[in-house]
Amino acid sequence: MGAAAGAGLFVVTGLVAFASHAAFDATPEAVLWLFVLLGALLAVGAAYRRGGLLVGSALVFGPVYGPLTFYGHGAPALWTPIAVVLVAVSYALGALGRRVANRPENQ
């Protein structure tokens, strides 16, 4: 389910970048950042539900590389380190949240 959501975010962000560039001759960076942050938030939820690192990576890298693939917007040298950090932070937050929720005193 999480990998499908990552693929969906990949397609949606790519189409948003393509359509906004076709209509306005520019891609609003704030909109693309919102999709990336949404992917990171979904990755936290996936890690909490034991979705795994691969699913979390798909959720973060999908919106990051959607605009790059469909339109060529963005710089891979900029986005790759950002995505790696977001994957690590979102996975750590989700795993930490699961660990806190599963403590014996919280049961």
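Here we summarise the structure given alongside this text.

Cut-off values and rules
Residues numbered from 1 in each chain as written. Predicted model: local features only at pLDDT ≥ 70, side-chain atom pairs only at ≥ 80, totals over all residues. Heavy atoms only, no water. Helix = DSSP H or I, 4+ residues; strand = E, 2+ residues; numbered from the N terminus. Buried < 20%, exposed > 50% of the residue type's maximum accessible area, 1.4 Å probe, protein only. Contact = heavy atoms within 4.5 Å. Areas by Shrake-Rupley, 256 points an atom, 1.4 Å probe, with all protein chains shown as cover. Axes fitted to C-alpha atoms, helices over the stretch in contact; angles between N-to-C directions. Parallel < 35°, antiparallel > 145°, perpendicular 65-115°, else oblique. Nonpolar A, V, L, I, M, F, W, Y, C, P; charged D, E, K, R; others polar. Expected span 1.5 Å × (residues − 1). Phe/Tyr/Trp six-rings, centres within 6.5 Å; stacked < 30°, edge-to-face > 60°.

**So, the overall build of the protein chain**
Tallying secondary structure elements over the protein chain gives 4 helices and 0 strands in all. When the helices and strands of the protein chain are placed in sequence order, the string is α-α-α-α. In terms of principal-axis extent, the alpha carbons of the protein chain reach across some 55 × 25 × 20 Å. Counting all 107 residues of the protein chain, 34% fall into the buried class. For the protein chain, contacts bridging at least 24 residues in sequence account for 68% of all contacts bridging at least 6. If you sum the accessible surface of the protein chain, you get close to 6,100 Å²; carbon and sulfur atoms cover 73% of it.

**Here's the deal with the packing of helix 1 (residues 2–24) against helix 2 (residues 29–48)**
Running from N to C, helix 1 and helix 2 cross one another at 175°; their axes reach a closest spacing of 10 Å. With respect to each other, helix 1 and helix 2 are oriented roughly antiparallel. On the side of helix 1, the interface is formed by Leu-9, Val-12, Thr-13, Val-16 and Ala-17, while helix 2 contributes Val-31, Leu-32, Phe-35, Leu-38, Gly-39 and Leu-42. Each residue belonging to the contact of helix 1 with helix 2 can be placed in one class, and the counts come to 9 nonpolar, 2 polar and no charged.

**Digging into unusual backbone geometry**
If you check the backbone angles, Arg-50 has positive phi at about 60° while not being a glycine. With respect to the element layout, Arg-50 can be found in the loop between helix 2 and helix 3 (53–70).

**Points about helix 4 (residues 76–101)**
When the terminal C-alpha atoms of helix 4 are compared, their 37 Å separation across 26 residues agrees well with the 38 Å that a helix rising 1.5 Å per residue should span. For helix 4, the set of buried residues is Trp-79, Ala-83, Leu-86, Val-87, Ser-90, Gly-94 and Arg-98.

**Brief notes about the environment of Tyr-48**
Looking at the element boundaries, Tyr-48 is found in helix 2. The exposure class of Tyr-48 is partly exposed, given its relative accessible area of 41%. As a C-alpha pair, Tyr-48 and Ala-101 span 53 residues in sequence and 9.5 Å in three-dimensional space. Once residues within four sequence positions are removed from consideration, Tyr-48 is found in contact with Gly-94, Gly-97, Arg-98 and Ala-101.

**What to know about the packing of aromatic side chains**
What the rule picks out here adds up to 2 aromatic pairs. Taking 5.0 Å as the distance between ring centres and 45° as the angle between the ring planes, the aromatic pair formed by Trp-33 and Trp-79 counts as tilted. Here Trp-33 is found in helix 2, whereas its partner Trp-79 is found in helix 4, with 46 residues between them in sequence.

Purely geometric numbers; function is a separate question.
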